[in-house]
Every structure is written in structure tokens, then in C-alpha cells.
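Inside the fold
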Amino acid sequence: MTAPTSEQVKFAADRMLGRLARWLRVLGQDVIYGRHLSGYGLIHAARAENRLILTRDHGLKQKQPPKFIFIESNDYREQLRQVIRECGLRPGEPLFTRCLECNAVLQPKSKESVEKLVPPYVFSTQAEFFWCPQCRRVYWPATHHQKMLEELGNIGVL
Ligand SMILES: [Zn+2]
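Analysis parameters
Residues numbered from 1 in each chain as written. Predicted model: local features only at pLDDT ≥ 70, side-chain atom pairs only at ≥ 80, totals over all residues. Heavy atoms only, no water. Phe/Tyr/Trp six-rings, centres within 6.5 Å; stacked < 30°, edge-to-face > 60°. Helix = DSSP H or I, 4+ residues; strand = E, 2+ residues; numbered from the N terminus. Buried < 20%, exposed > 50% of the residue type's maximum accessible area, 1.4 Å probe, protein only. Lys NZ or Arg CZ within 6 Å of the ring centre and 35° of its normal. Pairing = 2+ DSSP bridges. Contact = heavy atoms within 4.5 Å. pLDDT = per-residue confidence, 0-100. Arc of directions from axis to C-beta. Salt bridge = Lys/Arg side-chain N within 4 Å of Asp/Glu carboxyl O.

**Digging into the packing of aromatic side chains**
Here the structure, examined in full by the defined rule, presents one aromatic pair. Geometrically, the ring pair formed by Trp23 and Tyr76 is stacked, given 6.3 Å between the ring centres and 15 degrees between the ring planes. In this pair, Trp23 is assigned in helix H1 (residues 18-26) and Tyr76 in helix H3 (residues 76-87), connecting sequence segments 53 residues apart. For the pair Trp23 and Tyr76, a shared accessibility class is recorded, and that class is buried. The ring of Tyr40 has Lys63 sitting right over it, with the charged end atom 5.8 Å from the ring centre. The ring centre of Trp131 lies 4.2 Å from the NZ or CZ of Lys109, which sits over that ring.

**Quick word on the pairing of strand E3 (residues 52-55)**
On E3, burial covers both faces: Leu52 and Leu54 on one face and Ile53 and Thr55 on the other are all buried. In this structure, strand E1 (residues 10-13) lies alongside E3, joined through three bridges in parallel fashion. Note that in E3 the partner of Ala12 across the bridge is Ile53. The pairing of E3 with strand E4 (residues 68-70) spans three bridges and is classified as parallel. In the sheet register, Ile53 faces E4, and the bridge partner there is Phe68.

**A short note on H1**
Of the positions making up H1, those classed as buried are Leu20, Ala21, Trp23, Leu24, Arg25 and Val26. Elements in contact with the buried residues of H1: E1, strand E2 (30-32), E3, H3 and helix H5 (141-155).

**Examining the environment of Gln79**
Note that Gln79 resides in helix H3. Leave out the neighbours within four places in its chain, and Gln79 touches Leu17, Leu20, Arg56, Ile71, Ser73 and Asn74.

**With respect to the confidence of the model for the chain**
Taken residue by residue, the chain gives an average pLDDT of 90. The fraction at 70 or more is 95%. Here residues 1-6 scores under 50 on pLDDT; set against residues more than four positions off or in separate chains, the count is six contacts.

**Concerning helix H2 (residues 39-48)**
Here H2 has its buried residues at Gly39, Leu42, Ile43, Ala45 and Ala46. Projected onto a plane normal to the axis of H2, the buried residues spread over an arc of 165 degrees and lie on a single side. Seen from the open side of H2, the exposed residues pointing more than 90 degrees away from its buried face are His44 and Ala48. Residues of H2 that are buried make contact with E1, E2 and E3. Among the residues trailing H2, Asn50 stands out with phi positive, at a value near 55 degrees.

**Overview of the pattern of salt bridges**
Applying the stated rule across the entire model yields eight salt bridges. Here Asp30 ties to Arg51 by a salt bridge, and the two come within 2.9 Å at their closest N and O atoms. Pair noted here: Asp30 is in strand E2 and Arg51 is in the loop between H2 and E3, with a separation of 21 residues, a long-range link. The same class applies to Asp30 as to Arg51, namely buried. Of the charged contacts in the structure, one is a salt bridge between Arg98 and Asp30, with a shortest N-O distance of 3.8 Å. Here Asp30 lies in strand E2 and Arg98 lies in the loop between H3 and strand E5 (107-109), a separation of 68 residues in the sequence. Just as Arg98 is buried, Asp30 falls in that class too. One network of salt bridges, in which partners are shared, links Asp30, Glu49, Arg51 and Arg98.

Spelled out as C-alpha cells, the structure:
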């Protein structure tokens, strides 16, 4: 059997793992996360969409979950390293393709169309914009990405 590629793995993160979920989304991974995702709620959601569970819950094992990874550390940086290691993810591409708030895939948006949606300074200095079709959040890669790339470098995954 070949190892699953990063495109194929989909995750369901338990509600203790918000920061990890967000960083996996930065790396372009498909991760569902929310208040309802713990215990049997997490198991049902993972089963319904064939997702790999990420959990810090020691009790989950007793609930006959589908495939899961028990996340060992409390530190999101170590958590991220663990998931990348155990799933053989290749962080690098595709970065920044998902909404960090709701996991939807971002779409390019024309500069003219975001004039009223972003601060004037951002509008006048940025050329490229993306937006989330689900929650309508607007992203401008240059600023967002620089900070996150630095952080990923600090974490040691890029
Ligand atoms: Zn969104």
C-alpha cells in the first residue's frame, strides 16, 4: 500500500486542538473543527466524511473510533510537527489555500471588488486578494503569508 499523499488525508480535530487545526489549514490541509467535535460527535463527523481524527482525549479509545492519532503535546508547535511526521505531509504546497476560520477553499477576488471590504491602507498597498465563499472573509496574501511563513520556519516545519 502506498502512503496517502497530503491531498488525500482529511482531518477532524477535536475541540481541544483549535490552534493545530488552524495551522494545518495554513498548510492547505482539510480540517474540520468546532465546539461540537468531541466524543461521539467527533467520531460521527469523522466517519461521515472518512476523516482521520486528531485528539487529545484519552477516553476516545473506548468509544470505538475510526482511525485516529493521539496528539501527545499541549504545545501546538509540537502537535503540528507530530501530525506532519505521522502523516508524511509535505508542508510547502499548497500553502494558504483554505480559510483559516471555516476550512473552505479560498477563491481569487479582484482588487476592485474588495475596496469596501478591506482597510484603505491595505487596498492601496496590496495587489492580490482572495476571499472565502463561505464566511466572506477577505485575505491578502502578502501580509498574512509573511508572518505565517516566519512562524512555520520557527516551528521547524518549512
Ligand atoms: Zn471562511
